[in-house]
Structures are given as C-alpha cells and as structure tokens.
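A closer look at the structure
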Amino acid sequence: SGARPAISHRAKELMGLIFDHFGESDAKVLLGYSDRRTEADRLSISYYSYCKRLSRKIHSFLPILKNAGYC
C-alpha cells in the first residue's frame, strides 16, 4: 500500500501533461472517451486531416514525456 500514493501522484502528473499538451478534446480521443471520426466531424475537417494533426501532436509530445522522466 506504500506505493499507491506515488502511483497516484505519477498518474495525476501524466494526466496533467496530456491535457496541457493535447487539450481536452484530443485527450479524450487518446484516452478512448471519444473517437477520431467524431472529433473530425466536430471540427469540420476530414478524418485524414484530423488523424494527421493528432499524429503531429503525439510526435511533439514525446520530448515532453522524456523531459518529465517517462521514457
């Protein structure tokens, strides 16, 4: 039970990084609470354009994860 607070803190930290970088809508897509097609429709862009945009955001998130000690 001693490890739980540390895991909880790290999980909250990671969620904060995700929401700060991706924004609420894209974070929901990444976490499975929404899907790419729905988000593309909401933004009035093509599915392909949305996927490409999200892919770029994911790629730019990797250095943030590394700097925070996640990889």
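Look up: the structure comes first, before these words.
Residues numbered from 1 in each chain as written. Predicted model: local features only at pLDDT ≥ 70, side-chain atom pairs only at ≥ 80, totals over all residues. Heavy atoms only, no water.

1. Comments concerning the pattern of salt bridges
The following threshold applies: When a carboxyl oxygen of Asp or Glu is within 4 Å of a side-chain nitrogen of Lys or Arg, the pair counts as a salt bridge. Helix and strand assignments come from DSSP, with helices taken as H or I runs of at least 4 residues and strands as E runs of at least 2, each series counted from the N terminus. A 1.4 Å probe rolled over the protein chains alone gives each residue an accessible area, and that area as a share of the maximum for its type sets the label: buried under 20%, exposed over 50%, partly exposed in between.
The tally for this structure, following the rule as stated, stands at 5 salt bridges. Of the charged contacts, one joins arginine 10 and glutamate 13 as a salt bridge, the two residues approaching to 2.9 Å between their closest N and O atoms. With arginine 10 and glutamate 13 both in helix α1 (residues 4-30), this residue pair falls 3 residues apart, about one helical turn. The class of arginine 10 is partly exposed, set by a relative accessible area of 34%. Residue glutamate 24 is joined to lysine 28 by a salt bridge in which the shortest nitrogen-to-oxygen separation is 3.0 Å. In this pair, glutamate 24 and lysine 28 are both assigned in helix α1, 4 residues apart and thus about one turn of the helix distant. Residue classification places lysine 28 among the partly exposed positions, given a relative accessible area of 35%.

2. Let's talk about the environment of glutamate 39
Basically, it comes down to this: Two residues form a contact once any of their heavy atoms are found within 4.5 Å. Here a polar contact is recorded for every N or O atom pair within 3.5 Å, except that within protein the pair must consist of a potential hydrogen donor and a potential acceptor, and residues adjacent in sequence are included only if both atoms are side-chain atoms.
With respect to the helices and strands, the residue glutamate 39 is situated in helix α2 (residues 36-43). Separated by 10 residues in the primary sequence, glutamate 39 and serine 49 place their C-alpha atoms 11 Å from one another. Ignoring anything within four residues of it in the chain, the contact list for glutamate 39 reads Ser25, Asp26, Val29 and Tyr50. A polar contact is formed between the side chain of glutamate 39 and the side chain of arginine 42, at a distance of 2.6 Å.

3. As for unusual backbone geometry
Here the phi dihedral of serine 44 falls at roughly 60°; this positive angle occurs in a residue that is not glycine. When you line up the elements, serine 44 lands in the loop between α2 and α3 (47-67). For serine 44, a relative accessible area of 66% puts it in the exposed group.

4. Comments concerning the packing of aromatic side chains
Definition in use: Pairing of aromatic rings covers Phe, Tyr and the six-membered ring of Trp, with a centre-to-centre limit of 6.5 Å; geometry is then stacked below 30 degrees between planes, edge-to-face above 60, and tilted otherwise. In this scheme, Lys NZ or Arg CZ marks a charge over a ring once it lies within 6 Å of the ring centre and within 35 degrees of the ring normal.
Under the defined criterion, the tally for this structure stands at 1 aromatic pair. Across from the ring centre of tyrosine 70, 4.1 Å away, lies the NZ or CZ of arginine 10, which sits over that ring. Between arginine 37 and the ring centre of tyrosine 47, over which it is positioned, the NZ or CZ distance is 4.1 Å.

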